[in-house]
Amino acid sequence: MDPMDHRSEIREFLTSRRARITPDQAGLPSYGVRRVPGLRRAEAAQLAGVSVEYYARLERGNLAGVSDAVLDSLARALRLDDAERAHLHDLARTAGTSPRRRRGPAAPQGVRPNVQRLLDTMTDTPAAVINGRTDVLATNALGRALFAPLHDTTTRPPNHARLIYLDARSHDFWDNWDHAADDAVALLHAHAGRNPFDPELTALIGELSTRSTDFRSRWARHDVRRHTTGVKHLHHPAIGTLHLTFEAMALVADEDLTLLAYGADPGSTSEDGLRLLATWAATHDQQRRRTVRTADET
């Protein structure tokens, strides 16, 4: 993403947020015929407490040097939620900087040994570590078994967004594919705000945009969200339907890495399913090792 792309991201994010608010919702009178949905620029400027000229500058993608106070006023005017507010601040923080200054060191392609050992001790809990591009950088045995279709690929590292949009099996795997697809795009948009010149993110977005019309339409919405807790509804190819809670915990010592852990309500059929998954994982792993050993011998 070059600086002009970053300005476009700012412009399209702000205009899309403005378009979803009606004058009635904002407590403003509505006069005349509106050619476009949502608030007019002058109305958004009034709500934010800035001049129309200044607001137009912001919406053209120029957030460089804008104070936190103005950003917060803009967030209130456009009724941004916490994830959108954080995204706006990220866009402002990275505005006006060159790709060379923003690129920094390459993102890690793995995790520290201590983190992997932590994952391995979670023997009854499916768990994995992902980055902002939805790459899976590490997992434990139950995590690999839970997301078997994700790890049954030659692409490394495995990537959730790529599975959802480019692998037909994902429509069977996710009970609500549309929700999973929306989540993946929202996470990528949030990462783009924090790291607009990440070359691997640029390549991933380019690939998904080229190969998936579903991705292109969702990317154009500019939605962002936080992925911290909730419930995942999925259909494992060997176990069946599972309804699992998840918790997402940032690894503070590792920039942009998140540990995801999954569980089931006590006494639920999904808890029974996780026990069955552990048995299936052990059997599946033994079969895989025998296959590898046989291949090596021949």
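Residues numbered from 1 in each chain as written. Predicted model: local features only at pLDDT ≥ 70, side-chain atom pairs only at ≥ 80, totals over all residues. Heavy atoms only, no water.

## As for unusual backbone geometry
The general pattern is negative phi for most residues beyond glycine and trans for most peptide bonds.
So, point 1. In this structure, the amide linkage connecting R156 to the following residue, P157, adopts the cis form with an omega of -5°.
So, point 2. Positionally, P157 belongs in the loop between α10 (148-151) and α11 (160-166).
So, point 3. The phi dihedral of T134 is positive, around 70°, even though this residue is not glycine.
So, point 4. Here T134 lies in the loop between β1 (127-131) and β2 (136-139).
So, point 5. Of note in the backbone geometry, D256 takes a positive phi value of approximately 70° without being a glycine. (Helix = DSSP H or I, 4+ residues; strand = E, 2+ residues; numbered from the N terminus.)

## Focus on the pairing of strand β5 (residues 257-263)
So, point 1. Most of β5 is tucked away, with five of its seven residues classed as buried.
So, point 2. Pairing of β1 with β5, which is carried by five bridges, proceeds in the antiparallel orientation. Each residue of the ladder has a partner; that of I130, found in β5, is T258.
So, point 3. Two elements, strand β4 (residues 240-250) and β5, share six bridges in a ladder whose sense is antiparallel. Bridge assignment links A248 to a residue of β5, and that residue is L260.
So, point 4. With antiparallel pairing between neighbouring strands as the criterion, β4 and β5 make up a hairpin whose turn holds six residues, including D256 at a positive phi of roughly 70°. (Buried < 20%, exposed > 50% of the residue type's maximum accessible area, 1.4 Å probe, protein only. Pairing = 2+ DSSP bridges.)

## Remarks on the side chain of S212
So, point 1. Structurally, S212 is set in the loop between α14 (199-211) and α15 (213-219).
So, point 2. Residue S212 is classed as buried on the basis of its relative accessible area, which comes to 6%.
So, point 3. There is a polar contact of 3.0 Å between the side chain of S212 and the backbone nitrogen of F215.
So, point 4. Ignoring sequence-local partners within four residues, the contact set of S212 consists of Y165 and L166. (Polar contact = N/O pair within 3.5 Å; in protein donor to acceptor, adjacent residues only side chain to side chain. Contact = heavy atoms within 4.5 Å.)

## What to know about the nonpolar core
So, point 1. Judged by nonpolar contacts, the single largest core of 38 residues is most densely connected at L146, F147, I164, Y165, L188 and F215.
So, point 2. Tallying contributions element by element places helix α13 (residues 177-194) first for this core, with seven residues.
So, point 3. Dropping the residues within four chain positions of it, Y165 is found in contact with W177, A181, D182, A184, V185, L208, S212, D214, F215 and R218.
So, point 4. Ranked by size, the runner-up nonpolar core spans 25 residues in total, among them I21, A44, A48 and L88. (Core = buried A, V, L, I, M, F, W, Y, C linked by side-chain atoms within 4.5 Å.)

## Observations concerning the packing of aromatic side chains
So, point 1. In total, this model carries eight aromatic pairs according to the counting rule given.
So, point 2. Measuring from ring centre to ring centre gives 5.8 Å for Y165 and W177, while their planes differ by 75°; the resulting arrangement is edge-to-face. Placement of Y165 in helix α11 and of W177 in helix α13 is noted, with a sequence separation of 12 residues between them.
So, point 3. For Y165, a relative accessible area of 9% translates into the label buried.
So, point 4. Note on F215 and W219: the rings are 5.6 Å apart at their centroids and 20° apart in plane angle, and the pair reads as stacked. Of the two residues, F215 and W219 both sit in helix α15, four residues apart, roughly one turn of that helix. The two residues F215 and W219 agree in class, both being buried.
So, point 5. Within the aromatic cluster, the residues linked to one another by ring pairs are F147, F173, W174, F246 and Y262.
So, point 6. One residue, K232, lies across the ring of F246, its end atom 5.1 Å from the ring centre. (Phe/Tyr/Trp six-rings, centres within 6.5 Å; stacked < 30°, edge-to-face > 60°. Lys NZ or Arg CZ within 6 Å of the ring centre and 35° of its normal.)

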